[in-house]
Amino acid sequence: MRGGALPLFAWGALLLVLLALNWIWTGDAIQVGSFAFAALVIIAGGALLALRSREALRGGPPRVSRTRESVPQTSFAAVLVGLSVGAILFGLTFGRFIVYFGAGMLVISLGRLALELRAERASRRGTQDGPQDTGGSARAGEGRPG
Amino acid sequence: MVQVGLLAPPGALVDTRHEYDHLFSIYVPIAVAVFALVVLAIGFAVLRYSRRAPSQAARWHEHNRLEGGYALALALVVVFLLYLTFSAEHRVDTVAAHERPALTVDVTGAKWEWQFYYPAYGITARSGTVGRQPLVVPVGEAIRFNVSTIDVIHAFWIPQLRYKRDLIPGTTESATLLFDRAGSFPGQCAEFCGLRHADMVFTVRAVNPAQFAAWARAGGKGVPS
Amino acid sequence: MTTAAPAVHGPTRIPGVLGALTSTDHKRIGLNLGLLSLVFFLVGGLFALLMRAQIAQPDVQFVSDQTYSQLFTMHGSTMIYLFVTPMALAMALYLVPLQIGAVSLAGPRLALIGFWIWLSGGLVMQSGWLTGDGAGRDGWFAYEPLANGTNTPGVGQDMWVIGVMLAALGMTAMAACVAATIARRRAPGMALLRMPVFTWTALVSVLMVVASFPVLILAMSLMYIDRHGGHIFSGFNGAIDYQDLFWFFGHPVVYVMFFPYLGAAAEVVAVCSHKRWFGHTAFVASIMAFAALSMSVWAHHMFTTGGVTNQYFAFTSTALVVPAGIEYFDMVGTMVGGSIVLRTSMLFALMFFIQFLIGGLSGIFLASPVLDYHVEDSYVVIAHFHYTLFAGSVFGFFAGVYHWFPKVTGAHLRDSWGRIHLVLLAVGTNLTFFPMFFLGQDGMPRRISRYPAHPGWGTLNLLESIGAGIIALGVLSFLVNVVVSLRRRQPAGDDPWQGHTLEWATSSPPPAYNFELPLPPIRSYAPLLDRRHEQLDRAGASP
Ligand SMILES: [Cu+2]
Ligand SMILES: [Cu+2]
């Protein structure tokens, strides 16, 4: 985590400089708009990291951390989510029924994904004293974020 | 330092081919020199440092002052190139647009043909999938082309003049060009515009002003030789 | 000093293909993405060969005009959306967590979702071939109004639009995961400026992806609506707006297709010189500036439209000379004073730098509006970007393959086949792409399926087509090398090259959680080299 937001802010600042130059030099609404969007995404990403942990704003090497992060092994639900998004958009060109099929699949797979994430959170709470098998596909591991 | 101003005496008509060739003749040697320098540096490093034990490899790995100075030198090169480019662009885009044209031609692109209309003479010539009537122009005069399209984007390109201009729907753009010698100049649509894009070609026939006048008086009949 | 791997051992995985396809392990996702990108590379290469057959000689008709337009569209689209860009992400997904000493990817499920969305995009795009009017046929940038419903009707073009949208969406998701991993999962001691060169190039690339790809998704969505009755991109403003949106993605992606390969070649040069990468801090600063500048050069693709402020874009585009010059300086600085071993990977890396330079230098010409007025949309442009993308990035990719193959598989690639691969590819590449500079300068436009017998054009085009065949042989020799090397394995060990970075501090291939042994202390961007130097010094101190 340590310093994670710094490159985003640094790069975002560079984008802002070039954006300002673009604004002054061209004054083109679409150009300034898309450029501003890009800068915003990067700066918002940095802000998000900083909000989660103030560490993200501090320089220097990350230290050993005690927080546990879960490391899933496999996720059927994620595969299904990806495929159903593909199916929905493919259906637009091929036939309505695939859109409906994909939408149905998306709902189911998002549900499964939620279950997976919940099992994972439960297992993380359960492993405060050490790792244990939760029977699900998710596994808790000791992540080492800074 | 190259005296850019001297190369285009005031009052002379802007010649796109000349502008291009001049700029090109400065860019090319720089590019070739940089390429040669880098290849030599790599070659030197490989020959000099490839027969040593790994333990002999040096451990220094930074020299920020040197890199800063080098970056500054590169920035100066950038400034130099931009100076040349901006002055050439100023002539091609701005100075040429202010010239008084001796002839105006309305160029209309369509899938997949060119229509050249001479408003002063009421003459129309067409080329592309419909036929091969040439675009006849006088030599040595500024000619204003008003380019537009009725369907998709095309591009009006005359390679020998080193110039092209996109034809964008909903607008008419103009370009002022100069043909510095008599003869044929092939032209072609440069922006992909669909199935028969390859056939969207034309030929410019540049003739001396007297011949042009005769051709125009005759209502554009025949091709002056 | 540093902690060991996490306390999780031997979890039950789903075995076999199903397990490989649903795995959230970053190495598995990276490999899957890389392997499929490679398949798309072969497909896109096949399209190129068919094109080169059609235009090998003037005035022949080997494929129809309609097919030709599909071939160049799908060649470009396949190579950009389905090979070079995703391959860059694949390398980042596989290597970045290893290089920063992370146990896993941040957001592994999102990365997996992204992979499957990208793959659906690839399949949707290619399935256009099966429709009545064929695959997409408006070029990889599909300008409006040519690409609207009136001028290009048909399901095939719709599938292209949807395919691009999906591919971009999937890649954005995967890129976000790489960025989050770098932000949140660095090992203790791995300060930002201790991240290896490749990780830095991957970081700026994924930032460019998340900043610019959404704009492409927007452009494609609007185009889809436009194709189905909406009037979004009409008139002059519509045409220019589309180009602005498209190139706002279209130029940054060019650098996403460059930076990680630059990073790979840089790692190879450093390791094969037994010397750490020169000027790391300057490199980091310059790559950040490089990436930011390359977000602001996009309208150099629009100099001839009369709809943009040429000077701003000429300025930013020419300014790229400065950071690019720094990268080359650092490359030479790394080799000087080193102990160079000319492995196959090193030869590919050096070819990457030399050949990319031709692309880069010709790019400076294209950054000048006056020069661009002539060469825009001509074969000069084709030559230019193939020198950057093929002669550049693909050589950097192969440098990376020869370098990291032992890490990924535990076996060496054959050097003998590697040299054949290199020579064929280098000869073929230059034979194919160098004559294009002359053709373009002489007035040959891109994307024409037929051309008249102008003096010299037939000969040059024939040479190019022969070159394309030689490239194909080169790629074939690479595939043979992979098959031979995997069939009769020459075990490589964990650290065959005396690597500098953490991926060489684990087994080959790395275990599920990347590191089973404690990490070496991380005090610089080359922790393994530090350790080697310490050992040398200790040995020297007590002879
Ligand atoms: Cu056209
Ligand atoms: Cu570009």
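Residues numbered from 1 in each chain as written. Chains lettered and ligands numbered in written order. Predicted model: local features only at pLDDT ≥ 70, side-chain atom pairs only at ≥ 80, totals over all residues. Heavy atoms only, no water.

Novice: What is the right way to look at the pattern of salt bridges in this model?
Specialist: Working definition: two side chains of opposite charge can pair if their charged atoms are close together. This structure, assessed with the given rule, holds 21 salt bridges over all chains. For arginine 109 of chain C, the salt bridge is made with glutamate 120 of chain A, and the minimal N-O distance between the two is 2.7 Å. You can see arginine 109 of chain C sitting in helix H4 (residues 108-127) and its partner glutamate 120 of chain A sitting in helix H4 (residues 96-126), one on each of two chains. For glutamate 120 of chain A, a relative accessible area of 7% corresponds to the buried category. (Salt bridge = Lys/Arg side-chain N within 4 Å of Asp/Glu carboxyl O. Helix = DSSP H or I, 4+ residues; strand = E, 2+ residues; numbered from the N terminus. Buried < 20%, exposed > 50% of the residue type's maximum accessible area, 1.4 Å probe, protein only.)

Novice: What is the right way to read empty space enclosed by the protein from this model?
Specialist: To find the voids left in a structure, one rolls a probe of water-molecule size over its atoms. Tallied over the full model, the rule gives seven cavities of 30 Å³ or more. Surrounding the largest cavity, 13 residues form its lining, Val71 and Pro72 of chain A together with Thr24, Asp25 and Ser104 of chain C being those nearest its centre. Among the residues forming the lining of the largest cavity, the class breakdown is seven nonpolar, four polar and two charged. In terms of lining, the second largest cavity is formed by Pro196, Val197, Ala266, Glu267, Ala270, Arg276, Trp277, His500, Thr501, Tyr525 and Ala526 of chain C. The element best represented in the lining of the second largest cavity is helix H8 (residues 259-272) of chain C, accounting for three residues. Residues that form the lining of the second largest cavity fall into these classes: seven nonpolar, two polar and two charged. (1 Å grid on protein atoms, 1.4 Å probe; cavity = no way out; pocket = protein on both sides within 12 Å on 5 of 7 lines; lining within 4 Å. Points joined across faces, edges and corners; volume = space filled by probe spheres on them. Nonpolar A, V, L, I, M, F, W, Y, C, P; charged D, E, K, R; others polar.)

Novice: Please explain the coordination of the copper ion (ligand 1) as it appears in this structure.
Specialist: For a metal with four tetrahedral donors the ideal donor-metal-donor angle is 109.5 degrees, while six octahedral donors give ideal angles of 90 or 180 degrees. Residue and element names in this part refer to chain B. Protein-derived ligands of the copper ion (ligand 1) are His154 (ND1), Cys189 (SG), Cys193 (SG) and Met200 (SD), with the metal-ligand distances lying across 2.0 to 2.6 Å. Its four donor atoms give the copper ion (ligand 1) angles of 88 to 122° at the centre, a pattern that matches the tetrahedral case. In the primary structure, the donors to the copper ion (ligand 1) are separated according to the pattern H-x34-C-x3-C-x6-M. When its relative accessible area of 0% is taken as the criterion, cysteine 193 is described as buried. Take methionine 200: its relative accessible area is 0%, and that puts it in the buried class. (Donors = N, O, S within 2.8 Å, 3.2 Å for Na, K, Ca; no water. Tetrahedral: all angles 85-135°; square planar, octahedral: opposite > 155°, others 65-115°.)

Novice: Sorry if this is basic, but what is going on with the packing of aromatic side chains here?
Specialist: The description of an aromatic ring pair rests on the distance of the ring centres and on the angle between the ring planes. All names here are of chain C. As enumerated under the stated definition, the model contains 75 aromatic pairs over all chains in all. Ring geometry for phenylalanine 258 versus phenylalanine 290: centroids 6.1 Å apart, planes at 70°, classification edge-to-face. With phenylalanine 258 in the loop between helix H7 (235-256) and H8 and phenylalanine 290 in helix H9 (residues 280-294), this residue pair connects regions lying 32 residues apart in the sequence. Classification of phenylalanine 290 by relative accessible area gives buried; the value is 3%. (Phe/Tyr/Trp six-rings, centres within 6.5 Å; stacked < 30°, edge-to-face > 60°.)

Novice: Before we go on, may I ask you to explain the coordination of the copper ion (ligand 2) in this structure?
Specialist: Residue and element names in this part refer to chain C. Bound to the copper ion (ligand 2) on the protein side are His251 (ND1), His300 (NE2) and His301 (NE2), at distances that span 1.8 to 2.1 Å. Between consecutive donor residues of the copper ion (ligand 2), the sequence gaps follow H-x48-H-H. Separated by 50 residues along the polypeptide, histidine 251 in helix H7 and histidine 301 in the loop between H9 and helix H10 (310-319) bring together distant segments of the chain.

Novice: Please clarify how the domain arrangement of chain B should be interpreted in this entry.
Specialist: Interfaces are often described in size by the accessible area the parts lose on coming together. Residues and elements named next belong to chain B. Considered domain by domain, chain B is made up of domain 1 (16-50 + 62-97) and domain 2 (103-217). Each of domain 1 and domain 2 has a C-alpha centre, and the two are 34 Å apart. Facing seven residues of domain 1, the contacting portion of domain 2 comprises ten residues. For the domain 1 and domain 2 pair, buried surface summed over both sides reaches about 720 Å², with 43% attributable to carbon and sulfur atoms. Of all residues in domain 1, the largest losses of buried area upon contact with domain 2 belong to Thr16, Arg17 and Ala96, amounting jointly to 68% of the total for that side. Joining domain 1 to domain 2, the criterion identifies two salt bridges. Note that aspartate 180 and arginine 17 form a salt bridge whose closest N and O atoms lie 4.0 Å from each other. Seen at the junction of domain 1 and domain 2, the total is five residue pairs in polar contact (both at pLDDT 80 or more). Considering each element in turn, the side of domain 1 that touches domain 2 owes the most residues, four residues, to helix H2 (residues 16-49). (Domains from an automatic or database assignment. Contact = heavy atoms within 4.5 Å. Buried area = accessible area lost by both parts, 1.4 Å probe. Polar contact = N/O pair within 3.5 Å; in protein donor to acceptor, adjacent residues only side chain to side chain.)

Novice: How do you make sense of the interface of chain B and chain C when you look at a structure like this?
Specialist: On the side of chain C, 88 residues touch chain B, which itself brings 73 residues to the contact. When chain B packs against chain C, the two sides together hide about 6700 Å² of surface, and 70% of this comes from carbon and sulfur. If you look at where chain B meets chain C, you find two salt bridges. Across the pair arginine 450 of chain C and aspartate 199 of chain B runs a salt bridge, and its minimum N-O distance is 2.8 Å. At the boundary of chain B and chain C, one finds 23 residue pairs in polar contact (both at pLDDT 80 or more). When residues of the side of chain B that touches chain C are traced back to their parent elements, those giving at least two are H2, helix H3 (64-95), strand E8 (163-167) and strand E10 (183-189) of chain B. For the side of chain B that touches chain C, the class distribution of residues is 44 nonpolar, twelve polar and 17 charged.

Novice: Honestly, the confidence of the model for chain B in this entry has me stumped. Any pointers?
Specialist: The share of residues in chain B with pLDDT of 70 or more is 94%, and the mean pLDDT across the chain is 92. Helix H1 (residues 4-7) of chain B is the least confidently modelled element of chain B, averaging 43 in pLDDT, while strand E7 (residues 154-158) of chain B averages 97, the highest of any element. (pLDDT = per-residue confidence, 0-100.)

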